[in-house]
Amino acid sequence: MIRKLYDRIRKEKKKETEKKDTSTLPLSTGEGAGEVRPYTHCMNCGTTLKGMYCHQCGQYALDIHQPMWKYVRQYFENMYQFDGKVWMTLRLLFSRPGFLTNEFNDGKINSYVHPFRLYMFISVLFFTFFFMAAERSTGRALLTMAGEQIPDTVIGMLQRADADALPDTTVYAYNMETLRKVLDARGAQRADSLVRLHYEERGDELNRVTLPRALFDACLKRTDIHEENQTEAKVLRRTAQLGEMDEEELFYHDMPTDSLTGRITADAYDWMTNIDQTDRLHQQATASFVLGQLSKWTPMFLMFLLPVQALLFKLFYPRRRYMEHFAHATHLSSLLLVLMAVPAGILLWEFNRVSYNNVVTNPVEDAFIFLSPLALMLYQLVSMHTVYREGWGKTTAKCLLMLFLFNLLALGLAAALILWLAAKAMGRI
């Protein structure tokens, strides 16, 4: 009797030990090449797993020994459900208007990306790339304004001529890297060949440059060598005698200097001497402020329109629950962001081409810009017919009236936001 009881206690202790060892072992046992041991218990609370998530504490069965790229993938899966669901959800969003809203309202949530998660995922991508492109376009516009002193005839000559044959004048000058960007913004091809920097790493600092004589005569003005360059030249000439010269020391070593004072005697030039630097810095600061404010408030503004649109749906279809209207509005806004990516990209592209190169707009691109709002209106019409199950005549009337009211509210709120940002930029608020 005692022997049986002892054996039973020993077996129970053995089972508990095995359970504890199993819950603390990593996936890879190390006993064989490529051998992987699956999780059987939660690493956090020890509960027996019946899936990839613990039903007791909710922890994911995460392999801590997995590669880094799997951690990144799991982050996007957990935050935005960036897995097979998102592609199927996007396909259904485009191909079957209103279908996803009906599925959500029927309680079929797990098979698709949640409406608000889908909207957040698309909006993050849209606004990230849009404001990156807008910042680049704004920077090019500011460069074009700074380069207005270069005559159009010179720019035209630089565009027509062979860049390899043009550079024939070598001087010491400031802000040559910026001049390259201005020429590129003004439409000159191969600006790096037109303005050849002998020391690329110096950028806008005093540099030796070879450029076309026509460009030199058009915009470069003689200026004094900056005192910091005079001081730097003296110091580097002393250090150059201690060993092999680097690029900085070699640059100053080759410059003509006064044998008694050690000061640089070479003539220096700058194309920005006629530009009011205060105005230029003010323009850059204003542009940065406006872009920063728009990047902050535009996503919040569009997100604020979601409950507004849902309230309009509630006004036209009062028998439906508000959450059903909110899911519908979220799906429509997600599609809006995807559709707006094409005309937004075209507008920025045309802004660059027309402003800087005087290129005539492409009618195909203009057609995309014109048809995008029409496509959204037709999509919303079909979606409302699918979700609310009313006749086409009644649905069309409600759709047109709702679009009018919604756009009126959106434009009014947008105008108020723009006026507020403008007043804030001018320091009146």
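Above: the structure in question.
Residues numbered from 1 in each chain as written. Predicted model: local features only at pLDDT ≥ 70, side-chain atom pairs only at ≥ 80, totals over all residues. Heavy atoms only, no water.

Quick notes on the overall build of the protein
And then number 1: In terms of regular secondary structure, the protein is built from 15 helices and five strands.
And then number 2: Scored against the burial criterion, the 429 residues of the protein give a buried share of 39%.
And then number 3: When the accessible surface of the protein is summed, it comes to about 25,600 Å², and 60% of that surface belongs to carbon and sulfur atoms. (Helix = DSSP H or I, 4+ residues; strand = E, 2+ residues; numbered from the N terminus. Buried < 20%, exposed > 50% of the residue type's maximum accessible area, 1.4 Å probe, protein only. Areas by Shrake-Rupley, 256 points an atom, 1.4 Å probe, with all protein chains shown as cover.)

Let's talk about the layout of surface pockets
And then number 1: In this structure, the largest pocket spans a volume of roughly 1,400 Å³.
And then number 2: Looking at the largest pocket, it is lined by 41 residues, and the ones nearest its centre are Thr298, Phe301, Leu302, Leu336 and Met340.
And then number 3: Of all the elements in the fold, those that place two or more residues in the lining of the largest pocket are helix H5 (115-146), helix H12 (277-316), helix H13 (322-357), helix H14 (363-388) and helix H15 (392-425).
And then number 4: Class assignment of the residues belonging to the lining of the largest pocket gives a composition of 34 nonpolar, seven polar and no charged. (1 Å grid on protein atoms, 1.4 Å probe; cavity = no way out; pocket = protein on both sides within 12 Å on 5 of 7 lines; lining within 4 Å. Points joined across faces, edges and corners; volume = space filled by probe spheres on them. Nonpolar A, V, L, I, M, F, W, Y, C, P; charged D, E, K, R; others polar.)

Thoughts on helix H6 (residues 152-160)
And then number 1: Val154, Ile155, Gly156 and Leu158 are the residues of H6 that are buried.
And then number 2: Residues of H6 that are buried sit in contact with helix H7 (176-185), helix H8 (191-194) and helix H9 (213-219). (Contact = heavy atoms within 4.5 Å.)

Points about empty space enclosed by the protein
And then number 1: All told, the structure shown has four cavities of 30 Å³ or more when counted by the stated rule.
And then number 2: Put simply, the largest cavity is a space of about 70 Å³.
And then number 3: In this structure, the largest cavity is lined by Thr89, Leu100, Glu103, Phe104, Lys108, Ile109, Tyr112, Val113, His114, Pro115 and His331.
And then number 4: With three residues, helix H4 (residues 99-105) is the single largest residue contributor to the lining of the largest cavity.
And then number 5: Grouping the constituent residues of the lining of the largest cavity by class yields six nonpolar, three polar and two charged.
And then number 6: By volume, the second largest cavity is sized at about 50 Å³.

Focus: the nonpolar core
And then number 1: Ranked by size, the top nonpolar core spans 41 residues in total, and within it Leu93, Leu118 and Phe313 carry the most contacts.
And then number 2: Sorting the residues of this core by element identifies helix H3 (84-95), H4, H5, H12, H13, H14 and H15 as the ones contributing at least two each.
And then number 3: Counting residues in each nonpolar core, the second largest holds 25 residues, with Leu166, Val171, Met176 and Val182 among its members. (Core = buried A, V, L, I, M, F, W, Y, C linked by side-chain atoms within 4.5 Å.)

Structural notes on H7
And then number 1: In terms of residue burial, H7 counts as a mostly covered element, since seven of its 10 residues are buried.
And then number 2: All of the buried residues in H7 are Met176, Thr178, Leu179, Arg180, Val182, Leu183 and Ala185.
And then number 3: Gly187 sits one or two positions beyond H7 and adopts a positive phi of about 105°.

Comments concerning the sheet that holds strand E1 (residues 169-174)
Sheet strands pair by backbone hydrogen bonding; their relative direction is either parallel or antiparallel.
And then number 1: With mixed pairing, five strands are arranged side by side in an open sheet as E2-E3-E1-E5-E4. Since the sheet does not close on itself, it has two edges, and those belong to strand E2 (196-197) and strand E4 (221-223), each with one partner.
And then number 2: Of the strand pairs in this sheet, E4 and strand E5 (residues 268-270) are connected by three bridges, and their pairing is antiparallel. Counted as the bridge partner of Thr223 is Ala268 from E5. (Pairing = 2+ DSSP bridges.)

Some thoughts on the pattern of salt bridges
And then number 1: Counted according to the given criterion, the structure contains nine salt bridges.
And then number 2: Of the charged contacts, one joins Glu324 and Arg320 as a salt bridge, the two residues approaching to 3.1 Å between their closest N and O atoms.
And then number 3: Via salt bridges that share partners, Glu177, Arg180 and Glu200 belong to a single interconnected network. (Salt bridge = Lys/Arg side-chain N within 4 Å of Asp/Glu carboxyl O.)

Focus on the state of the cysteines
And then number 1: Going through the model one piece at a time under the given rule, you end up with zero disulfides.
And then number 2: Here Cys45 stays free of any disulfide, with the sulfur of Cys54 as its closest cysteine sulfur at 3.6 Å. (Disulfide = S-S within 2.5 Å.)

Looking at the side chain of His328
And then number 1: With respect to the helices and strands, the residue His328 is situated in helix H13.
And then number 2: The residues touching His328, leaving out its near neighbours within four places in the chain, are Thr101, Phe313, Ser383, Met384, Val387 and Tyr388.

Examining the pairing of E1
And then number 1: The element E1 is largely enclosed, with a buried count of five among its six residues.
And then number 2: Strand direction decides the pairing type here: E1 and strand E3 (residues 207-211), joined by five bridges, are antiparallel. Residue Thr169 lies in a different strand from E3, and its bridge partner there is Leu211.
And then number 3: Bridge count for E1 against E5 is three bridges, and the pairing is parallel. Considered in E5, the bridge of Ala173 is made with Tyr269.

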